[in-house]
Amino acid sequence: MRADSPGPQHEWLDADAGPVVRPYTLTGGRVRPPVDGFDLLAFVLATPDAEPAGTPGLQPEHRRLIELARRPKAVADLAADLDLAVGVVRVLLGDLLAHGFVAVHRPPATAYLPDDNILKAVVSGLRAL
């Protein structure tokens, strides 16, 4: 082995892309969470007694999600903070939800949508300006 060649610890690194690990390896090949899908705007909050130490099958990313969710945080923000795809974060959050380590608070559904006639009136008024 040459002195300037990368050693074994560098085989999985790429200067531009970072670690070469497929996202689905973090989820065990799963692409859907074990529970209902998470809205991007849903807030995740770690339960007060969430201590994943010693729980089999949890990855370091699971533990990091719990740390980040000690304060309410949106699913999209968690994905950005971990620099992972949203789909991967949803699967990981599904695992945590199934173990009772996090609670998910979905945003309220829009109860009232404006009538088409109101929108047409607004457009007409804007055109009149």
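The model shown is predicted, which means the values in this text are computed figures rather than measured ones. (Residues numbered from 1 in each chain as written. Predicted model: local features only at pLDDT ≥ 70, side-chain atom pairs only at ≥ 80, totals over all residues. Heavy atoms only, no water.)

Trainee: Account for the nonpolar core, naming residues and giving values.
Mentor: Note that soluble globular proteins tend to have their nonpolar side chains buried in a common cluster. Judged by nonpolar contacts, the single largest core of 22 residues is most densely connected at Val44, Leu65, Leu78, Leu93 and Leu96. For this core, the secondary structure elements donating two or more residues are strand E3 (43-46), helix H2 (60-68), helix H3 (75-82), helix H4 (86-99) and strand E5 (102-105). Ranked by residue count, the leading element in this core is H4, at five residues. Among residues more than four places away in sequence, those in contact with Leu96 are Leu58, His62, Leu65, Ile66, Phe101 and Val102. (Core = buried A, V, L, I, M, F, W, Y, C linked by side-chain atoms within 4.5 Å. Buried < 20%, exposed > 50% of the residue type's maximum accessible area, 1.4 Å probe, protein only. Helix = DSSP H or I, 4+ residues; strand = E, 2+ residues; numbered from the N terminus. Contact = heavy atoms within 4.5 Å.)

Trainee: Can you tell me about unusual backbone geometry, naming the residues and giving the values?
Mentor: Phi is positive for Asp83, close to 55°, though the residue is something other than glycine. On the basis of relative accessible area, Asp83 is assigned to the exposed category, the value being 68%.

Trainee: Give me the lowdown on the pairing of E5, citing residues and values where you can.
Mentor: Alternating residues of E5 divide into Val102 and Val104, all buried, and Ala103 and His105, none buried. Bridge analysis of E3 against E5 gives four bridges, and the strand direction is antiparallel. Looking at E5, one finds that Leu45 is bridged to Ala103. (Pairing = 2+ DSSP bridges.)

Trainee: Please provide a residue-by-residue account of the pattern of salt bridges, values included.
Mentor: Side-chain pairing between opposite charges can occur once the charged atoms of the two side chains come close. Inspection of every chain in the model, using the stated rule, returns two salt bridges. Between Lys73 and Asp81 there is a salt bridge, with its nearest N and O atoms 2.5 Å apart. Owing to a relative accessible area of 38%, Asp81 belongs among the partly exposed residues under this scheme. (Salt bridge = Lys/Arg side-chain N within 4 Å of Asp/Glu carboxyl O.)

Trainee: Tell me what's going on with the pairing of E3, and back it up with residues and numbers.
Mentor: Burial along E3 is one-sided: Val44 and Ala46 are buried, while Phe43 and Leu45, pointing the other way, are not. Of the strand pairs in this sheet, E3 and strand E4 (residues 73-74) are connected by two bridges, and their pairing is antiparallel. For Val44, the partnering residue across the bridge sits in E4 and is Lys73.

Trainee: Tell me about the environment of Phe43, and please be specific about residues and values.
Mentor: Topologically, Phe43 is positioned in strand E3. The class of Phe43 is partly exposed, set by a relative accessible area of 41%. For Phe43, the residues in contact, after removing those within four places along its chain, are Pro72, Lys73, Ala74, Ala103, Val104 and His105.

Trainee: Describe in detail the side chain of Asp95, supporting the description with residues and values.
Mentor: Position of Asp95 among the secondary structure elements: in helix H4. Classification of Asp95 as buried rests on a relative accessible area of 11%. A distance of 3.0 Å separates polar atoms of two side chains, one belonging to Asp95 and the other to His62. (Polar contact = N/O pair within 3.5 Å; in protein donor to acceptor, adjacent residues only side chain to side chain.)

Trainee: Lay out a nonpolar patch on the surface in plain terms, naming residues and giving numbers.
Mentor: A contiguous nonpolar patch, built from Ile118, Val122, Leu126 and Leu129 and spanning about 450 Å² of accessible area, is present on the exposed surface. Tracing the backbone through its elements, the reader meets Leu126 in helix H5 (residues 116-128). Looking at Leu126, the relative accessible area reads 57%, which means it is exposed. (Patch = residues over 30% accessible without salt bridge, like charges linked within 9 Å, V, L, I, M, F, W, Y side chains within 5 Å. Areas by Shrake-Rupley, 256 points an atom, 1.4 Å probe, with all protein chains shown as cover.)

Trainee: Go over H2 with me, naming the residues and quoting the values.
Mentor: Within the sequence span of H2, burial applies to His62, Leu65, Ile66 and Leu68. Down the axis of H2, the smallest arc covering the buried residues is 165°, so these residues share one side. Its buried side turned inward, H2 meets E3, E4, H3 and H4. (Arc of directions from axis to C-beta.)

Structural measurements only, silent on function.
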